[in-house]
Amino acid sequence: MDILLVLKAVIMGLVEGLTEFLPISSTGHLIIMGDLLGGFSDARGKVFEIVIQLGAILAVVWEFRAKLGVVTQGLVKRDPTAWRFASNIMVAFMPAVVLGLLFHDAIKTYLFNPYTVAMALIVGGVIILWVEKRGLTARVHTIEEMRWQDALKVGFAQSVAMFPGVSRSGATIVGGMMFGLNRSAATAFSFFLAIPTMFAATIYDLYKNWSLLSVGDIPFFVVGFVAAFISAYFAVAALLKFVSNHTFVGFAWYRIVFGVLVLLSAYTGVVDWSGV
């Protein structure tokens, strides 16, 4: 096995896991990091990114296994609270399904490059600062209090994250806060909404790229998958503790600085992004 390739797989897996559920865009970081490391811009690299994304979402399933078990039992027993929770997730999931099917290929073809990612990081950071400065008053304090209208609004906010660099978690959390959820409820709902959204995206991408899979790539993919699972597990736990008494201002400034550095590196020629 190529040790250098394994090391790159570990780095990409760690990046995916650490950034997937933070409001800083995992897709954007993977595009930029993959281009810096080299070897991840081809078809095999794209399939690798799909596999490590699955590792990250399985970490969320494991973190929330108790809640998911309670909801599953509630659905079987026809518990109204469980059914409302599940229906809200499905309502929020639908905008991404419809818009994803319509624009998935065009977005991947024309927008997946460091320049668009950098601009989205900066704009997203400014929006987070604006939302935090407004000091919004929440009317929904737990995900059980959400109405289907609240879920639908969050779902449309999530669909904005199809633009690389926006951040799915950032769009859903900040969008949820703008639509009346408090920080903790918006973060929790973002995690649960990630489960069907990311599973669907992963299955769809694997279906479209199945012919590119090779038995020889399995060890390489497994290493990245495990790294993504472990790093995502700790990132989710850390974020849940963080949001209880912190704002997202730090993440906003990180996005802005990172985006500016990418644009400056391109302008000064320090990094040649022309091969993307």
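These notes cover the structure that comes with them.

Cut-offs applied
Residues numbered from 1 in each chain as written. Predicted model: local features only at pLDDT ≥ 70, side-chain atom pairs only at ≥ 80, totals over all residues. Heavy atoms only, no water. Helix = DSSP H or I, 4+ residues; strand = E, 2+ residues; numbered from the N terminus. Rg over C-alpha atoms; globule rule 2.2 N^0.38 Å. Buried < 20%, exposed > 50% of the residue type's maximum accessible area, 1.4 Å probe, protein only. Contact = heavy atoms within 4.5 Å. Areas by Shrake-Rupley, 256 points an atom, 1.4 Å probe, with all protein chains shown as cover. Lys, Arg positive; Asp, Glu negative; His and termini not counted. Charge placed at Lys NZ, Arg CZ, Asp CG, Glu CD. Salt bridge = Lys/Arg side-chain N within 4 Å of Asp/Glu carboxyl O. Patch = residues over 30% accessible without salt bridge, like charges linked within 9 Å, V, L, I, M, F, W, Y side chains within 5 Å.

Once that is clear, we can look at the overall build of the protein chain. Along its length, the protein chain carries eleven helices and zero strands. In summary, the protein chain has a C-alpha radius of gyration of 18 Å against a globular reference of 19 Å for 276 residues, a match within 12%. Across the 276 residues that make up the protein chain, the buried fraction comes to 48%. Residue pairs at least 24 apart in sequence account for 83% of intrachain contacts in the protein chain once pairs closer than 6 positions are excluded. Carbon and sulfur atoms make up 71% of the accessible area of the protein chain, which totals about 13,400 Å². Counting 19 positive and 16 negative side-chain charges, the protein chain places the centres of these two groups 10 Å from one another.

One pass over the full model with this rule turns up four salt bridges. Among the ionic pairs, Asp 150 bridges to Arg 139, the shortest N-O distance being 2.4 Å. Of this pair, Asp 150 sits in helix α7 (residues 148-159) while Arg 139 sits in the loop between α6 (114-134) and α7, and the two are eleven residues apart along the sequence. Overall, the relative accessible area of 0% leaves Asp 150 in the buried class.

Bringing unusual backbone geometry into the picture now. At Ser 25, a residue that is not glycine, the phi angle is positive and equals roughly 75°. Structurally, Ser 25 can be placed in the loop between α1 (3-19) and α2 (26-37). For Ser 167, which is not glycine, the phi torsion reads 90° and is therefore positive. With respect to the helices, strands and loops of the structure, Ser 167 is situated in the loop between α7 and α8 (168-178). Residue Ser 167 is classed as buried on the basis of its relative accessible area, which comes to 4%.

Turning our attention to a nonpolar patch on the surface. On the surface, a nonpolar cluster with roughly 500 Å² of combined accessible area is contributed by Val 123, Ile 127, Trp 130, Leu 136, Met 178 and Phe 179. In this structure, Phe 179 sits in the loop between α8 and α9 (183-208). With a relative accessible area of 30%, Phe 179 lands in the partly exposed category.

Time to look at the environment of Gly 74. Looking at the element boundaries, Gly 74 is found in helix α4 (residues 65-76). Classification of Gly 74 as buried rests on a relative accessible area of 7%. Excluding residues that lie within four positions of it along the chain, Gly 74 makes contacts with Asp 79, Ala 82 and Trp 83.

Before going further, it helps to spend a moment on the side chain of Thr 19. With respect to the helices and strands, Thr 19 occurs in helix α1. Residue contacts for Thr 19: discarding those within four places in its chain leaves Ile 24, Ser 25, Ser 26 and His 29.

In short, the description is geometric, and any link to function would need to be established separately.
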